[in-house]
Amino acid sequence: MQFFSNVKFYKSFSNINQIYEIKVPPIPAIAITGRSNSGKSSLINALCNQKNLALTSSTPGKTRTINYFYVPTNKPYYKEFFLVDLPGYGFAKLSKKENQQLHYIIDEYLANAPNLKLILLIMDARRELENEEYSIINYCIDHGKNLLLIRSKWDKLKQSEKNKLLNEWKKNPLISERTIPVSSLKKINIDTLIEKILTFIN
Ligand SMILES: Nc1nc2c(ncn2[C@@H]2O[C@H](COP(=O)(O)OP(=O)(O)OP(=O)(O)O)[C@@H](O)[C@H]2O)c(=O)[nH]1
Ligand SMILES: [Mg+2]
C-alpha cells in the first residue's frame, strides 16, 4: 500500500455541531491536529499522493475550519474512511481570543467527534514540545484515545540531530511506542504511517 487513492474533499465545518447536523456518514475518522505550520495539510497531501488536496501555505494559520476528506474503499486493503484536517493552533498573529476559539474547536472535536478512531498529533521535529502538545498527549492517554505522535519535516534535520531525538524518545515508552518521524516532502515513513493508520480502520 503506497498511499490512499482517489481521496476527495468532502466538506468544511466551523464546529462539531455542524458535523452532527448534516449527519456525516458513520465511517471511521482519522484526525490530524497540531500547531499552525507543523505540516498537517502537507501530510494529508503526501498520504493521498496529491499536490493540492489540502491547502498548504508558508503563511501559517491557513486552515481555520475542520476539513473532511473522503477516502473511498480500496479492496482488499481498506474500507472507506475520513481524513480530517483540523485548524492549526498557536499561530502568533492570531489574537489570544482567536487562538482560544481554535483550541475550543479542536478540543471539542477530539473529545466528541463521531467515529473518531485515531488522532495524529503533528509536531515539527525541530521544535520542543510545548504546553499545547503535552495537554493533547495527556488528554488522549487519560481518555483512552488512540494517538500517534508524528514528528514532521524529518528531512530538515542533520543525522546527528535525528540520532539525538531517536535516543531521547527511546527513554520514554509512552512516547517511543507512538512516535513516527516523517517527511511529506521527501516521502520518508509515509508508507509506515499508512500501514499504521490502517490498523485502526480495519
Ligand atoms: N522541508 C519540509 N517542509 C515541509 C514538510 N511538510 C510541510 N512543510 C512546509 O511547512 C509549511 C507548512 O506546511 P502546511 O502543511 O501548510 O502546515 P499546516 O500544519 O497545515 O499549517 P496550518 O494550516 O497553518 O495550520 C509549508 O511551507 C510546507 O511546505 C516536510 O516534510 N519537509
Ligand atoms: Mg493546514
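Residues numbered from 1 in each chain as written. Chains lettered and ligands numbered in written order. Predicted model: local features only at pLDDT ≥ 70, side-chain atom pairs only at ≥ 80, totals over all residues.

Visitor: Explain unusual backbone geometry to me, please; I cannot follow it from the model alone.
Guide: Look at the link from Lys75 to Pro76: it is a cis peptide, with omega at 0°. Summarising the element assignment, Pro76 is placed in the loop between strand E3 (66-71) and strand E4 (81-85). Notably, Asn49 is not glycine yet its phi reads approximately 50°, a positive angle. Its location among the elements puts Asn49 in the loop between helix H2 (40-47) and E3. (Helix = DSSP H or I, 4+ residues; strand = E, 2+ residues; numbered from the N terminus.)

Visitor: Help me understand the pairing of strand E2 (residues 29-34), please; the structure alone is not making it clear to me.
Guide: Where a strand is regular, its side chains alternate between the two sheet faces. Along E2, six of the six residues are buried, which leaves the element largely enclosed by surrounding structure. In E2, alternate side chains face the same way, and those of Ala29, Ala31 and Thr33 on one face and Ile30, Ile32 and Gly34 on the other are all buried. Pairing of E2 with E4 involves four bridges; the strand directions are parallel. In the strand pairing of E4, Ile32 is matched with Asp85. With six bridges joining them, E2 and strand E5 (residues 116-124) adopt parallel strand pairing. Of the residues in E5, the one forming a bridge with Ile30 is Leu118. (Buried ≥ 20, exposed ≤ 12 C-beta atoms within 10 Å, placed from the backbone. Pairing = 2+ DSSP bridges.)

Visitor: Whenever I open this one, the nonpolar core confuses me. Can you help?
Guide: The tendency in soluble globular proteins is for nonpolar side chains to be buried side by side. Of all hydrophobic cores here, the largest spans 45 residues; its most connected members are Ala31, Leu83 and Leu120. The biggest single contributor to this core is E5, with six residues. For Leu83, the residues in contact, after removing those within four places along its chain, are Val7, Ile30, Ile32, Ile44, Leu47, Phe69 and Val71. (Core = buried A, V, L, I, M, F, W, Y, C linked by C-beta atoms within 7 Å. Contact = placed C-beta atoms within 7 Å.)

Visitor: What is the right way to read the environment of Ile119 from this model?
Guide: In this structure, Ile119 sits in strand E5. According to the C-beta neighbour criterion, Ile119 is buried, with 25 such atoms within 10 Å. For the pair Ile119 and Ile194, spaced 75 residues apart in sequence, the C-alpha separation works out to 13 Å. Beyond its immediate sequence surroundings of up to four residues, Ile119 is in contact with Ala31, Thr33, Leu110, Cys140, Lys145, Asn146 and Leu147.

Visitor: Any chance you could explain the environment of Asn6 here in plain terms?
Guide: Residue placement: Asn6 occurs in the segment before strand E1 (8-13). For the pair Asn6 and Pro72, spaced 66 residues apart in sequence, the C-alpha separation works out to 6.8 Å.

Visitor: Would you explain the pairing of E4 in this entry?
Guide: Among the five residues that make up E4, five are buried, leaving the element largely enclosed by the rest of the structure. A two-sided burial pattern is seen for E4, the buried positions comprising Phe81, Leu83 and Asp85 on one face and Phe82 and Val84 on the other. Pairing of E3 with E4, which is carried by five bridges, proceeds in the antiparallel orientation. The partner of Val71 across the bridge, within E4, is Phe81.

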